[in-house]
Amino acid sequence: MTKADGVAAVTDADFATEVLGAELPVLVEFTAAWCGPCHQLAPVLSAVAAQEPDRVKVVQLDVDTNPEVTMRYGVLSMPTLMVFRGGEPVKSMVGARPKRKLLQELEDVI
């Protein structure tokens, strides 16, 4: 998995606590080490995490080592970005995108 700076990794074991129980909306990137677009998205996620720390929590979940959460939310393509608010998924997006576009897409949910 490509680790984005300032972006925590979550697992099947701590997903409920770190994502579903979070006070802020949480942007989860479902990612994998072999995923090219995921590597392109890493600096975008770092930038969003740095720019919006009071509005959104940004985390990554490796689909290869965390199949339970991946299957629970029906994630089939990488990268999938999912926003959770109040323990529920409220938005899902597939594919890498530039920071400006990602922030526009997040505007209605964070």
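Here we summarise the structure given alongside this text. What you are looking at is a predicted structure, and each value in this text was computed from that prediction instead of being measured.

The rules behind each value
Residues numbered from 1 in each chain as written. Predicted model: local features only at pLDDT ≥ 70, side-chain atom pairs only at ≥ 80, totals over all residues. Heavy atoms only, no water. Salt bridge = Lys/Arg side-chain N within 4 Å of Asp/Glu carboxyl O. Helix = DSSP H or I, 4+ residues; strand = E, 2+ residues; numbered from the N terminus. Pairing = 2+ DSSP bridges. Axes fitted to C-alpha atoms, helices over the stretch in contact; angles between N-to-C directions. Contact = heavy atoms within 4.5 Å.

## Concerning the pattern of salt bridges
Throughout the structure, instances matching the rule amount to seven salt bridges. Salt-bridge contacts for Arg 72 lead to Glu 68; the nearest nitrogen and oxygen are separated by 3.4 Å. With a gap of four residues between them, Arg 72 and Glu 68 both fall in helix H3 (residues 67–72), about one helical turn apart. Glu 105 is the partner of Lys 101 in a salt bridge, and the nearest nitrogen-oxygen pair spans 3.4 Å. Highlighted residues: Lys 101 and Glu 105, both in helix H4 (residues 99–106), separated by four residues, approximately one helical turn. Taken together, the salt bridges that share partners define one network made up of Glu 52, Arg 55 and Glu 107.

## Concerning the pairing of strand E5 (residues 88–94)
In this structure, strand E4 (residues 80–85) lies alongside E5, joined through six bridges in antiparallel fashion. The partner of Arg 85 across the bridge, within E5, is Glu 88. Connecting E4 to the antiparallel partner E5 that follows it, the hairpin turn spans two residues, and Gly 86 within it adopts a positive phi of roughly 60 degrees.

## A few points about the sheet that holds E5
Taking strand neighbours across the sheet as the criterion, the five strands line up as E1-E3-E2-E4-E5 in an open arrangement whose pairing is mixed. Two strands lie at the open edges of the sheet, namely strand E1 (8–10) and E5, each paired on one side alone. Averaged over all adjacent pairs, the angle separating strand axes in this sheet is 30 degrees, with direction ignored. Of the strand pairs in this sheet, strand E2 (residues 26–31) and E4 are connected by five bridges, and their pairing is antiparallel. Across the sheet, Val 28 pairs through a bridge with Met 82, a residue of E4. Helix H2 (residues 36–51) contacts E2, strand E3 (57–62) and E4 of the sheet and is inclined by roughly 165 degrees relative to E2.

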